[in-house]
Amino acid sequence: MESVPDHSTDLPKCILVVPCYNEEKRLPTGSLEIFRHQHPNVKFLFVNDGSHDGTQSLLESLKNTAPESFDVVMLDRNRGKAEAIRCGMREAIARKPVYVGFWDADLSTPLDEVPRFLQRMQQDSNIEMVIGSRVQLLGREISRRLTRHYLGRIFATLASLSLGLPVYDTQCGAKLFRVTPALSEVFDKPFASRWVFDVELLDRFLRLPIAADQPPRGQQIVEVPLQKWTDVAGSKLGTLDCLQAAFDLLRLAFRIRARPR
Ligand SMILES: Nc1nc2c(ncn2[C@@H]2O[C@H](COP(=O)(O)OP(=O)(O)O)[C@@H](O)[C@H]2O)c(=O)[nH]1
Ligand SMILES: [Mg+2]
């Protein structure tokens, strides 16, 4: 008789926050269903950010099929991705898993990357943050529109210079964190920017105090080049948002530079 693989203990306990705003047509529920069967230790906490399409009922029905894997937090009105993630991460951290993270609802970063991220974290106890990086290399499938790619590269380079950190891709919507007492501080206060919060988040993480036996914060972050990333249609980032993001990044860069060293 064919044996059924037992995945119940294959990965450590992890909660992934998925920010959702009008995602009725973009949330790949089939992939989520398959993944939760394969990896029951990974839970999903969807944050419905004041959607006005059928997102809430879609999330409720997901939750009803597997309440042990799927949960929903609802925000009264649309507060933007940064605040939705912040609310979700606070709730996720309070549930005390070993790892927490956030993941874009359109699964541009496929869920296959979750075990890779977790394994990377488990290999080295000094690592506290693993972030996805969209690097086009031979043998990898990173499909981004050319304009988004080049604008993204300019943005990422400026973000890296502002932070003083050789990070390649600050903006990928797939990030994982080890749950530590210090991590809560990163999500304590609202982010100043709706679109540049990933950079703010890195800045906050880099400034967390370290214990005597810990490496500097910059060395606790690992970027994992993604095997696959797909530009899913229906992006909510318009031209005005790109301009706003550029402006917010400049403001953040000045704030960082103005700080006493
Ligand atoms: N909560 C919340 N999440 C959002 C909002 N806009 C985007 N997102 C999330 O951010 C992800 C990426 O946004 P998307 O519109 O696909 O932008 P792109 O991938 O950068 O083109 C989505 O899959 C959502 O998870 C928003 O207004 N509120
Ligand atoms: Mg997208």
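All values derive from a computational prediction rather than experimental measurement. (Residues numbered from 1 in each chain as written. Chains lettered and ligands numbered in written order. Predicted model: local features only at pLDDT ≥ 70, side-chain atom pairs only at ≥ 80, totals over all residues. Heavy atoms only, no water.)

Asks: Any chance you could explain the pattern of salt bridges here in plain terms?
Replies: Oppositely charged side chains can pair when the atoms bearing their charge come close. As enumerated under the stated definition, the model contains 22 salt bridges in all. The salt bridge involving Glu23 is made with Arg26; its shortest N-O contact spans 3.4 Å. Each member of the pair, Glu23 as well as Arg26, is classed as buried. A salt bridge links Lys81 to Asp104; the nearest nitrogen and oxygen atoms lie 2.8 Å apart. Of this pair, Lys81 sits in helix H3 (residues 81-94) while Asp104 sits in the loop between strand E4 (99-103) and helix H4 (113-123), placing them 23 residues apart in sequence. The partly exposed category is assigned to Lys81, whose relative accessible area is 24%. (Salt bridge = Lys/Arg side-chain N within 4 Å of Asp/Glu carboxyl O. Buried < 20%, exposed > 50% of the residue type's maximum accessible area, 1.4 Å probe, protein only. Helix = DSSP H or I, 4+ residues; strand = E, 2+ residues; numbered from the N terminus.)

Asks: Honestly, the site of ligand 1 in this entry has me stumped. Any pointers?
Replies: Around ligand 1, a shell composed of 16 residues is seen, among which Pro19, Arg26, Asp49, Ser235 and Lys236 lie nearest. The separation between an oxygen atom of ligand 1 and a polar main-chain atom of Pro19 is 2.6 Å. At a separation of 2.7 Å, an oxygen atom of ligand 1 approaches a polar side-chain atom of Arg26. At the level of elements, strand E1 (14-20) and H3 are the ones that each hand at least two residues to the shell around ligand 1. Partitioning the shell around ligand 1 into residue classes produces 5 nonpolar, 3 polar and 8 charged. (Near = heavy atom within 4 Å. Polar contact = N/O pair within 3.5 Å; in protein donor to acceptor, adjacent residues only side chain to side chain. Nonpolar A, V, L, I, M, F, W, Y, C, P; charged D, E, K, R; others polar.)

Asks: Help me understand the nonpolar core, please; the structure alone is not making it clear to me.
Replies: It is characteristic of soluble globular proteins that their nonpolar side chains tend to be buried jointly. Met89, Phe102, Met129, Phe177, Phe187, Val199 and Leu201 are the most contacted members of the largest nonpolar core, which totals 38 residues. Excluding its chain neighbours within four sequence positions, the residues that come into contact with Phe102 are Leu16, Val17, Ile85, Met89, Gly173, Ala174, Lys175, Phe177, Phe197, Asp198 and Leu201. By size, the runner-up hydrophobic cluster in this structure holds 35 residues, among which are Cys14, Phe70, Val130 and Ala174. (Core = buried A, V, L, I, M, F, W, Y, C linked by side-chain atoms within 4.5 Å. Contact = heavy atoms within 4.5 Å.)

Asks: Even after reading the chapter, I still don't get the sheet that holds strand E3 (residues 70-75), so can you show me in this structure?
Replies: Strand pairing in a sheet relies on backbone hydrogen bonds. The paired strands run either parallel or antiparallel. With mixed pairing, the 7 strands of this open sheet are ordered in space as E3-E2-E1-E4-E7-E5-E8. The two strands at the open ends of the sheet, each matched to only one other strand, are E3 and strand E8 (221-225). Each strand of the sheet is rotated relative to its neighbour by a mean of 20°, with strand direction disregarded. Strand direction decides the pairing type here: E1 and strand E2 (residues 42-49), joined by 7 bridges, are parallel. Bridge pairing in E2 links Pro19 to Val47. (Pairing = 2+ DSSP bridges. Axes fitted to C-alpha atoms, helices over the stretch in contact; angles between N-to-C directions.)

Asks: It is not clear to me how the packing of helix H5 (residues 146-163) against helix H7 (residues 197-206) should be interpreted in this structure. Could you clarify?
Replies: Packing of H5 against H7 leaves a shortest axis separation of 11 Å and a crossing angle of 20°. Judged by the angle between their axes, H5 and H7 are roughly parallel. Like other packed secondary-structure pairs, H5 and H7 cross with a definite hand, here right-handed. In this structure, H5 uses Phe155, Ala159 and Leu163 to contact H7, whose residues at the interface are Val199, Leu202, Asp203 and Leu206. Across the contact of H5 with H7, the residue classes tally to 6 nonpolar, no polar and 1 charged. (Parallel < 35°, antiparallel > 145°, perpendicular 65-115°, else oblique. Left-handed = near helix turned anticlockwise from the far one by under 90°.)

Asks: Help me understand the pairing of E4, please; the structure alone is not making it clear to me.
Replies: Each regular strand carries side chains that alternate between the two faces of the sheet. Across the 5 residues of E4, 5 count as buried, placing the element largely inside the fold. Every second residue of E4 is oriented toward a common face, with Tyr99, Gly101 and Trp103 on one face and Val100 and Phe102 on the other, all of them buried. Where E1 lies against E4, 4 bridges are found, and the strand directions are parallel. Each residue of the ladder has a partner; that of Cys14, found in E4, is Tyr99. Bridge count for E4 against strand E7 (residues 174-178) is 5 bridges, and the pairing is antiparallel.

Asks: Explanation requested: the environment of Glu113 in the structure shown.
Replies: For Glu113, the position within the fold is in helix H4. Along the primary structure Glu113 and Leu163 are separated by 50 residues, whereas in three dimensions their C-alpha atoms are 26 Å apart. Apart from the residues within four sequence positions on either side, Glu113 is in contact with Trp103, Leu226, Gln227 and Lys228. Within the local environment of Glu113, its side chain forms a polar contact with the backbone nitrogen of Gln227, the two atoms lying 2.7 Å apart.

Asks: Got a minute to help me understand the environment of Phe197 in this structure?
Replies: The residue Phe197 is located in helix H7 in this model. C-alpha separation for the pair Phe197 and Leu111, spaced 86 residues apart in sequence, amounts to 22 Å. Residue contacts for Phe197: discarding those within four places in its chain leaves Lys81, Ala82, Ile85, Phe102 and Phe191.

Asks: Sorry if this is basic, but what is going on with the UniProt feature "domain: Glycosyltransferase 2-like" (unreviewed entry) in the protein here?
Replies: Here, UniProt's "domain: Glycosyltransferase 2-like" (unreviewed entry) annotation points to residues 16-180. As annotated, residues 16-180 has a helix share of 39% and a strand share of 22%, and its two end C-alpha atoms lie 16 Å apart. (UniProt positions renumbered as here; feature names shortened; annotations may be inferred.)

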